[in-house]
Protein chains: 2
Amino acid sequence: MMTGVNLGNWLVLEKWMSPELFDGTSAEDEVHLWRELSETAARERFKVHRDSWVADRDVVYLAANGIELIRIPVPYFIFGDVPPYVGCIEYLDKAFEWAQRHGQKILIDLHTVPGSQNGFDNGGICGVCTFHKKPENVEFALTVLERLAARYRDHPSLWGVQVLNEPISQELWDAIDIPTRYPAVDPEEAAGSEPVPTEFLQRFYRDAYARIRAAAPNATVVFHDGFRIAEWKGFFTEPDFENVVLDTHLYLMTLTWSAGDHSLDDYLAFIADRFAGDVREAARDVPVMIGEWCLDTAATEATVLSGEERRSYFRRIADAQLRAWEPAVAWTYWSYKLHTDDPKHDPWDMGRAIELRWLPEELAPGT
Amino acid sequence: MMTGVNLGNWLVLEKWMSPELFDGTSAEDEVHLWRELSETAARERFKVHRDSWVADRDVVYLAANGIELIRIPVPYFIFGDVPPYVGCIEYLDKAFEWAQRHGQKILIDLHTVPGSQNGFDNGGICGVCTFHKKPENVEFALTVLERLAARYRDHPSLWGVQVLNEPISQELWDAIDIPTRYPAVDPEEAAGSEPVPTEFLQRFYRDAYARIRAAAPNATVVFHDGFRIAEWKGFFTEPDFENVVLDTHLYLMTLTWSAGDHSLDDYLAFIADRFAGDVREAARDVPVMIGEWCLDTAATEATVLSGEERRSYFRRIADAQLRAWEPAVAWTYWSYKLHTDDPKHDPWDMGRAIELRWLPEELAPGT
């Protein structure tokens, strides 16, 4: 079991995680931030942010606090070949240096693709989900994965390459009501948006596996479950797939959103029953990781508690989830840090959760 | 005894602490960075930096690690009334909110003044030291101090206001050879530069005390010793001065620079003899704080050690200095964080020193 964290909001922005980066614009997503800023402003804003969000000292911090694996979301324009976006491969290079220096492993996570795979803000462009409908998008994503795999294949800190973050399912698309929750700025750009079909995803995952495996024979290849974990039973079998991991994202807010606020005991029961059950069941078939999770329940109760009561609430949530993740090969908390003054976001910030002892002091007891 | 830290390189930049902020320019100091960047670029660069260098979560970290006092260097243009500089008072406001939320006290430190008081890069403009020669400069600095004192006088997190950081002495000016070590870009601008005379400093300190005390009756007023600690004997006496603290900055690199590399035992003896002696002697006369110090010895040995040997080296330096500071009312480490990939700067980063256990785990045993 590897304990880990996401470097969210570093190379792929999410407005809620650091709203000040969107100041002076009406942008709700990174694509529109690039579009609204002048070229000079965009270059400055992204450069200073990328230079400062994390650095060597942060990896020292993570290593000292029991973290072993760093999942790094990257955009499809990382190589700087998609104007007007400025690439950021040199930052991933740096992260590999830091990781090596401090004994960490890295999971590269392709978090956005042209046309987007989910319509979330974190897919780059709200309300748009057309990636899978254009063969040139798919081919471009495959070449990015190939180049990433080739670049780091021999780096001692490479753990794996994740093909695609959170391609959305029909069920989740309907539950969230993507067009309403994440309205597209330009309806024409969003035309034809729809969830990513399982049939497409299976083909894409096979193709991506072949390309990554050819470029990096020893890398772990990670596949997000696309919010349909039960549908992968029997899919990732040897010899077609070797050294692969199925990634599932488990957030307690999904319970709150679908069925309202619950008591702490209810959340603990949900973790022990549904979360643990899903992880255990999937892990019988293929190695599983929980690539995103955090302590937030999104319940009002979590925001009104203070002091020791608040600590105890989150600590019990933490202990229950860590127990549920035991059958997995790895987990990575979402996320390392946030810059928001809204206390309801506090449990998303792993650094804060460590300092406030919401997480157990020794995260990696085996090390 | 209050344990503390400096938020260096936040509202007053020092190139060596985050060189990337100076990319694309030939600037060696903050004044020239503002001059070389276009207005759009400067606004973006400073805004993103100020938004991101520290935030609420950092104060959570400091509180969890035994810090009680935060010294915040601020520039003389903090109120935004000196074009082309963009003011930053709203960031100091935020720091006060964070400090209150997490039980911290703040020492506001006027770190730069028009014309500069030392010719260091951290005074804003290398090789220039003419502040004391122009009455309008002096009056402007006094109004800034007055406004700062008035703004935060009733804030529960205000501990004190420091009149002026590091006005340079003749002795240090000569030892460092300021014109050579910090060459001025524009010789005309540097014309007439010279160390700050003690006579001027005494008058300025009296005036500043009166203005701050009138604006904030309960604030501690802090005076840097101007690198001439022995000269203040009998100066800060009641009733002329009440609730004041004399600030001295003690860096081991001064020994290395003046007399070459020493062994660890030599540094420990120097701390126990000179540093402890100076602090003890001054503290007989007036409450003393060590407003800047760190673990660096600037000796080659400190950079070649690794692992447990490196930890032990710095831990012994730390323990010796913490013992030497015991007669003081407070100390503030320089600095909270740095973004440099040069390991020789590691001991300047308090967060790193905490995580690597170069500093004792319980910094504030009384709390």
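Up top is the structure these notes are about.
All values reported here derive from a predicted model rather than from experimental measurement.

A. Main features of the side chain of Asn137 of chain B. Mapped onto the elements, Asn137 of chain B comes out in helix 5 (residues 135-152). The residues contacting Asn137 of chain B, other than those within four sequence positions of it, are Pro114, Gly115, Thr130 and Phe131 of chain B.

B. A look at the environment of Gly4 of chain A. Residues and elements named next belong to chain A. Among the secondary structure elements, Gly4 is positioned in strand 1 (residues 2-6). For the pair formed by Gly4 and Glu194, sequence separation is 190 residues and the distance between their alpha carbons is 32 Å. Non-local contacts of Gly4, meaning those with residues more than four positions away in its chain, are made with Ile67, Leu69, Trp331, Thr332, Tyr333 and Met350.

C. Spatial organisation of the interface of chain B and chain A. The partner chain A presents 35 residues to the 35 residues of chain B that form the contact. Overall, the association of chain B and chain A removes approximately 2,900 Å² of surface from exposure, summing both partners, and the carbon and sulfur fraction of that is 50%. The tally of links from chain B across to chain A stands at 10 salt bridges. With a shortest N-O distance of 2.7 Å, Lys47 of chain A and Asp23 of chain B are connected by a salt bridge. Seen at the junction of chain B and chain A, the total is 15 residue pairs in polar contact (both at pLDDT 80 or more). Of all the elements in the fold, those that place two or more residues in the side of chain B that touches chain A are helix 2 (39-52), helix 3 (56-64), helix 4 (89-101) and helix 14 (350-355) of chain B. Sorting elements by how many residues they give to the side of chain B that touches chain A places helix 2 of chain B first, with nine residues.

D. Local environment of helix 4 of chain B. Residue and element names in this part refer to chain B. Along its 13 residues, helix 4 runs 19 Å from first to last C-alpha, staying within 8% of the 18 Å computed at 1.5 Å per residue. Those residues of helix 4 not exposed but buried are Ile89, Tyr91, Leu92, Lys94, Ala95, Phe96, Trp98 and Ala99. Following helix 4 by one or two positions, Gly103 adopts a phi angle in the positive range, close to 70°.

E. Focus on the relation of the copies chain B and chain A. Between the two copies, chain B and chain A, the superposition gives an RMSD of 0.0 Å; the rotation angle is 180° and the shift along the axis is 0.0 Å. Taken together, the rotation and translation describe the operation of a two-fold axis. The residues that chain B uses at the interface reappear at the interface of chain A in 100% of cases, marking a shared surface.

Parameters and conventions
- Residues numbered from 1 in each chain as written.
- Chains lettered and ligands numbered in written order.
- Predicted model: local features only at pLDDT ≥ 70, side-chain atom pairs only at ≥ 80, totals over all residues.
- Heavy atoms only, no water.
- Helix = DSSP H or I, 4+ residues; strand = E, 2+ residues; numbered from the N terminus.
- Contact = heavy atoms within 4.5 Å.
- Buried area = accessible area lost by both parts, 1.4 Å probe.
- Salt bridge = Lys/Arg side-chain N within 4 Å of Asp/Glu carboxyl O.
- Polar contact = N/O pair within 3.5 Å; in protein donor to acceptor, adjacent residues only side chain to side chain.
- Expected span 1.5 Å × (residues − 1).
- Buried < 20%, exposed > 50% of the residue type's maximum accessible area, 1.4 Å probe, protein only.
- Least-squares fit on C-alpha atoms with pLDDT ≥ 70 in both.

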